[in-house]
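# Per-entry structural report
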There are 2 protein chains.
Amino acid sequence: MNDTENILETLRQRQFRITPQREMIIDALLSGEHHLSAEDVYAQVQTRTSAVNIATIYRTLDMLVEQGIASRTDLGGQVIYAPVGHGPHIHLVCRHCSFVIDADATVLAALDEQLQRDYGFAADLGHISLFGVCTGCKE
Amino acid sequence: MNDTENILETLRQRQFRITPQREMIIDALLSGEHHLSAEDVYAQVQTRTSAVNIATIYRTLDMLVEQGIASRTDLGGQVIYAPVGHGPHIHLVCRHCSFVIDADATVLAALDEQLQRDYGFAADLGHISLFGVCTGCKE
DNA sequence: CTCTTTGTTGCGACTATTTGCAATAACGAG
DNA sequence: CTCGTTATTGCAAATAGTCGCAACAAAGAG
């Protein structure tokens, strides 16, 4: 589930056109590495063909984020993109090694309810990033 | 509490030098508007004196974020800075109007505990941003 | 398969942000 | 108050990210 084909199908259903550029960018995003910068994606796509402009990378990545397919996290200067799994979840971003842990979001239910009640704020639970320090980096 | 003087005192204690540029940048950050871009801060400082370089604005803002005095939020393209109040709190960023609500972070205690237990992740509760839609924008 | 419509791309220009380095100035010592 | 040390700034050049627009190509209709 959620491999390149599935994402493309989702996009197709939402009236987006499927182009080889988009396929390659999505492929790159899904390929192993889980914290890619726009430049990283660009570099990886370049190994396949040089016929993709950096502007297209940025535009496609932004589109994927808007469609809830990818997430965008600002590590103070560095911006990383990662594919989003199914259902709401939290990204735990380690301040030291920049590793991103995908955590279950069940704990957020109570928080959501309280924000809704106290502030009238409808939080977007599908795209949450928390910063901190992971087990490995607690030196 | 937490006016320009206090922040400067904190910086002084941490061995940072107090320069007129830093004073003005902090002043600008504290002045009313709660979602300033680096350019906004620059523009506001310019009204007082033109003797401040844009690079200094960026460097100072980054320093303030590192010191936990200001926060930095990426609104997908736009980056905004805001002063950080005392104690842990949440920033509720509206996806439509970009308004930032400062919410109390007491609800996060349970979440923190669970992340610690299940993932060994020490979340930094002082700098959290959640995206969503505020009351006013629920059209 | 061909045509038409309209979303996408590439390109070049432009704006935003970062960085290296020499000149400057804050601050503690005398 | 003056001096020396060393963080900070300004400047200019480099890099990152965005935008407008004409050319191009994906998808559906015939």
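These remarks concern the structure in this document. Everything numeric here is computed off the predicted structure, so don't read it as measured data.

### Quick notes on the overall build of chain A
- A tally of helices and strands in chain A yields five helices and six strands.
- When the elements of chain A are put in sequence order from the N terminus, they spell out α-α-α-α-β-β-β-β-α-β-β.
- Carbon and sulfur atoms make up 50% of the accessible area of chain A, which amounts to about 7,200 Å² in all.
- Of the charged side chains in chain A, 10 are positive and 18 negative, and the gap between their average positions amounts to 5 Å.

### A word on the environment of Thr19 of chain B
- Position of Thr19 of chain B relative to the elements: it lies in the loop between α1 (4-13) and α2 (20-30).
- In this structure the C-alpha to C-alpha distance between Thr19 of chain B and Asp102 of chain B, which are 83 residues apart in sequence, comes to 29 Å.

### Looking at the pattern of salt bridges
- Enumeration according to the criterion identifies ten salt bridges over all chains in this entry.
- A salt bridge links Arg12 of chain A to Glu9 of chain A; the nearest nitrogen and oxygen atoms lie 3.3 Å apart. Of this pair, Arg12 of chain A and Glu9 of chain A both sit in helix α1 (residues 4-13), three residues apart, roughly one helical turn.
- In this structure Arg12 of chain A comes out as partly exposed when scored by relative accessible area, which is 43%.
- Given a relative accessible area of 34%, Glu9 of chain A falls into the partly exposed group.
- A salt bridge links Asp74 of chain A to Arg72 of chain B; its shortest N-O distance comes to 3.0 Å. Of this pair, Asp74 of chain A sits in strand β1 (residues 70-75) while Arg72 of chain B sits in strand β1 (residues 70-75), each in a different chain.
- Judged by its relative accessible area of 24%, Arg72 of chain B falls in the partly exposed class.
- Taken together, the salt bridges that share partners define one network made up of Asp62 and Arg72 of chain A together with Asp74 of chain B.

### Thoughts on the protein's contact with DNA strand D
- The full set close to DNA strand D counts 17 residues, and Tyr58 of chain A together with Arg22, Ala51, Thr56 and Arg59 of chain B are the nearest of them.
- Between DNA strand D and the protein, one listed contact pairs a phosphate oxygen with a side-chain N or O atom of Thr19 of chain B at 3.1 Å.
- Separating a phosphate oxygen of DNA strand D from a side-chain N or O atom of Thr56 of chain B is a distance of 2.7 Å.
- Of all the secondary-structure elements, those providing two or more residues to the surface near DNA strand D are α4 (54-66) of chain A together with α2 and α4 (54-66) of chain B.
- Here the surface near DNA strand D gets three residues from one element, more than from any other, and that element is α4 of chain A.
- For the surface near DNA strand D, the residue count by class is six nonpolar, five polar and six charged.

### Topic: the interface of chain A and chain B
- Each partner contributes residues to the interface: chain A has 35 residues there, and chain B has 35 residues.
- Here chain A packs against chain B, burying approximately 2,700 Å² in sum over the two surfaces, 62% of which is carbon and sulfur.
- The largest per-residue losses of area from chain A upon contact with chain B belong to Tyr119, Phe121 and Leu130 of chain A, which jointly make up 23% of the total buried on that side.
- Where chain A meets chain B, there are two salt bridges.
- Applying the counting rule to chain A against chain B returns nine residue pairs in polar contact (both at pLDDT 80 or more).
- Elements represented by at least two residues in the side of chain A that touches chain B include exactly β1, β3 (89-94), β4 (100-104), α5 (108-119), β5 (122-123) and β6 (128-133) of chain A.
- Of the residues that constitute the side of chain A that touches chain B, the class distribution is 20 nonpolar, eight polar and seven charged.
- For β6 of chain A and strand β5 (residues 122-123) of chain B, the ladder comprises two bridges, and the chain directions are antiparallel. Residue pairing across strands places Gly132 of chain A opposite Ala123 of chain B, the latter belonging to β5 of chain B.

### As for the sheet that holds β5 of chain B
- In space, the four strands of this open sheet follow the order β4(A)-β3(A)-β6(A)-β5(B), with mixed pairing throughout. Two strands in the sheet have a free side with no partner beyond their single neighbour: β4 of chain A together with β5 of chain B.
- Docked against the sheet, helix α5 (residues 108-119) of chain B engages β3, β4 and β6 of chain A together with β5 of chain B, running at close to 115 degrees with respect to β4 of chain A.

### A short note on the protein's contact with DNA strand C
- DNA strand C sits among 18 residues. The nearest are Phe16, Ala51, Thr56 and Arg59 of chain A together with Tyr58 of chain B.
- In the environment of DNA strand C, a phosphate oxygen lies 3.1 Å from a nitrogen or oxygen atom belonging to the side chain of Thr19 of chain A.
- With respect to DNA strand C, the side chain of Arg59 of chain B contributes an N or O atom lying 3.4 Å from a base oxygen.
- Broken down by secondary-structure element, the contributors of at least two residues to the surface near DNA strand C are α2 (20-30) and α4 of chain A together with α4 of chain B.
- Here the surface near DNA strand C takes four residues from α4 of chain B, the largest share from any one element.

Quick notes on the rules
- Residues numbered from 1 in each chain as written.
- Chains lettered and ligands numbered in written order.
- Predicted model: local features only at pLDDT ≥ 70, side-chain atom pairs only at ≥ 80, totals over all residues.
- Heavy atoms only, no water.
- Helix = DSSP H or I, 4+ residues; strand = E, 2+ residues; numbered from the N terminus.
- Areas by Shrake-Rupley, 256 points an atom, 1.4 Å probe, with all protein chains shown as cover.
- Lys, Arg positive; Asp, Glu negative; His and termini not counted.
- Charge placed at Lys NZ, Arg CZ, Asp CG, Glu CD.
- Salt bridge = Lys/Arg side-chain N within 4 Å of Asp/Glu carboxyl O.
- Buried < 20%, exposed > 50% of the residue type's maximum accessible area, 1.4 Å probe, protein only.
- Near = heavy atom within 4 Å.
- Polar contact = N/O pair within 3.5 Å; in protein donor to acceptor, adjacent residues only side chain to side chain.
- Nonpolar A, V, L, I, M, F, W, Y, C, P; charged D, E, K, R; others polar.
- Contact = heavy atoms within 4.5 Å.
- Buried area = accessible area lost by both parts, 1.4 Å probe.
- Pairing = 2+ DSSP bridges.
- Axes fitted to C-alpha atoms, helices over the stretch in contact; angles between N-to-C directions.

Purely geometric numbers; function is a separate question.
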